[in-house]
Amino acid sequence: TGLLVAWQLPSGEVAGRLHPGFAASALCHPATYLNKVLLGAPDGRMQLWNLRSSKRVHEFEHGWRAAVTAFEQSPALDVVGVGLADGRLLLHNLKFDTTLLELRHTHGDAVRCLAFRTDGQPWLVSGAASGALHVWHLERRARLSLEPCAHEGGVASCHFLRGRPELLTAGAADNSLRMWSSDLHSGELSALRGRAGHAAPPTLVRFHDDELHVGGGPGGQTHLLSAGGDRTLRRSSIWSAQQDCELSQGRETKRRSMHETSVRERRLPPVLALASSQRRERDWANVVTCHAGSPVAYSWDTTTKALAPHTLAARPAAPITAVAISACGNFAFLGSAIGAIDKYNLQSGKPRAAAAAEERHEGAVRGLAAAADGRTLFSCGGDGTLRLWAPAALKLQSTADVGCACGMLRHKRDSTLVALAADDLSVRVMDAVALRLVRRLEGHTNTLTDVAWGADARWVLSSALDCTLRVVDVPSGALIGWYSFEYAATSITVSPGGEFLCTTHVDSQAICVWASRPLFEEVLIGAVTDTRPTPLQLPTAMGGDGGDESEDEEGDGEEEEAHAEEGGEELLEAADEGEKVADGAAPSTPAGATPAKGSGKASDQRHKTWVNPNLQSADGGAAASAAKAAAKAEAAKASAAKARLGPVAHMPGGTEVDLDAVAPDNIDLDSVQDKAWRRPEADVSDYFNYGFTEETWRWYCKRQK
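The following paragraphs examine the structure supplied in this document. (Residues numbered from 1 in each chain as written. Predicted model: local features only at pLDDT ≥ 70, side-chain atom pairs only at ≥ 80, totals over all residues. Heavy atoms only, no water.)

### A closer look at the overall build of the protein
- Helix and strand content of the protein: eight helices and 47 strands.
- Buried positions account for 54% of the 705 residues belonging to the protein. (Helix = DSSP H or I, 4+ residues; strand = E, 2+ residues; numbered from the N terminus. Buried < 20%, exposed > 50% of the residue type's maximum accessible area, 1.4 Å probe, protein only.)

Here's what the structure looks like:
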């Protein structure tokens, strides 16, 4: 429409509206030009407008016959950098309406952004639509260096740190932020650090764990493996974004570089399924993936963060549709589209066994899983059968008719149950020993996207394209959670200890992390009696203040208390605004996040502490008493709204725990006025013992109640 609106900060009131007569393609506020804004048009025009009077001050005579795509104020007053869609860069003096300098990108690569150095060096950096970064020396009127593949899909913005040579850049399509250092003489840019996530919505996420064998240690619980439409495989940490990384495909991309010009097309096809193990992580490959339409499965090494030397091919050649790794971490199993199953040694990459032709599935193998004892391999297929194999020689032991074609198979290694997602939109739980149907779970109205087991193999979680998530208690067969999302969940996974649930969603580049309430507070779980699913709002990029929630709790206490008596508590709470955890986002709890409210009984409990005595404050006694009284009042309020609290709550980024609960007897963290451990120069180990931080210590204290 061409409307330009200016807001006043911090009030947010509208300061003015402009109707320049065109949709501005670039905007800039020139330094010292009070209440003025510089607008660029798609046809190459450039105008100066007054925001207060909403009038045009001046239209510059130079028409560049190309869309104006970028403005940037230079260190010199009255001089701005102008970027054009035909690849030209201009230094223009606004006061005299004169072009001082003209440079040009090669091959007409459109200019997306500009940045001037402010430490005395006459350098200009321009970001291109192709993703390249050009470094220019203004006095020499020449290009110093070129970084051709700084970002995939173009550079959205770039900015030099004030008075420093470091350059920050953001990608237009690759969901990444990078910092570069520049060589003083050559101008070459070298990457210092960066944060990145999936450039396309992730479609598969799994905790990197070994469940029973590793015991769900910190490594297994906090690291995720995810894959998406950007054809990358990423490892992410819930606690520390510094550990996030993309596993390298350099070996394969180099092979394709002669035939493909697009960076994305050089990568492996999208991942269909993956299996991982921590048992032999430091010895050889420990991740196996199968890819869309590929007759080869690829092995990965999370230690080197790259592809492993060996590739595993289906025999006979056919697209691989399912993979699994044995409990010992030595062998990989592949299931193909023609029903064949192969066994490979991960250390040598050599085949060790194959299923006999007469024992294969009649359709594609849709799921594989290895038992914890190493004596059984489970498989399901499009022929509607569940088959049990002896892994040593892949000899068929028994077959069970499921009654419908199966889409996926999930097995909890410390149980004998297998969950099968059937094409009739039901989840069938089978006893692998008795080979009989234990539960048939129905309710979804569209295709199932994923199925996951709870930590103790009592709960089955399922998601579907009907935008719902259902949680069923297997022993009782009761539906204890029924929720709807704005966007359908494409993949779900539960941590080995049951602390976290991670989900990915359609049209979202984030991996959403949710926390399990029963591990943090006492929760009553009952069957769902509602006729509609409870809507859940996906987390956003900022934390809420929680003020509205308190008011709701006060006003609806009696009604919610009656609901709790009738049907028990909900499994998921509709999340307040929390931090959106995309693969590359920093997983720290935002200061404004709404804390989970604990019950009165949980708040009155005490536990031993490992907090350093340096945290003691002079006014700690009085402040602690006041904090205890406030915590009791808050707990009483929370108990009235107990129906809204369930076993799983959204966890924005990391540790959403009860920050208002009563702290240990010897110290109340909230009573410390000067929290010195939060200072940038502080050493956290001076205040917390045993490797704890403030967030992990609060989480630990909550776990002990």
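Right, picking up where we left off after that structure.
### Structural notes on the nonpolar core
- Membership of the largest hydrophobic core comes to 17 residues, with the highest contact counts inside it found for Val427, Val429, Leu441, Val451, Trp453, Val460 and Val474.
- Elements supplying a minimum of two residues to this core: strand E36 (417-422), strand E37 (427-431), strand E39 (448-453), strand E40 (459-464) and strand E42 (478-484).
- The contact partners of Val429, leaving out residues within four places of it in the chain, are Leu417, Val418, Ala419, Arg436, Leu437, Val438, Arg439, Leu441, Trp453, Val460 and Val474. (Core = buried A, V, L, I, M, F, W, Y, C linked by side-chain atoms within 4.5 Å. Contact = heavy atoms within 4.5 Å.)

### Structural notes on the pairing of strand E32 (residues 377-381)
- Of all the five residues making up E32, five are buried; the element is thus mostly covered by neighbouring parts of the structure.
- Alternating positions in E32 separate into two faces, Leu377, Ser379 and Gly381 on one and Phe378 and Cys380 on the other, with burial throughout.
- Where strand E31 (residues 365-370) meets E32, five bridges bridge the pair, whose relative direction is antiparallel. Bridging from a neighbouring strand, Ala369 pairs with Phe378 of E32.
- Hairpin connection between E31 and E32: a loop of six residues separates the two successive antiparallel strands, and Gly374 in this loop has a positive phi of roughly 75°.
- Pairing analysis gives four bridges linking E32 to strand E33 (residues 385-390), with the strands arranged antiparallel. What sits directly across from Phe378, in E33, is Leu388.
- Counting the residues that bridge the hairpin from E32 to E33 gives three residues, and of these Gly384 lies at a positive phi of roughly 75°. (Pairing = 2+ DSSP bridges.)

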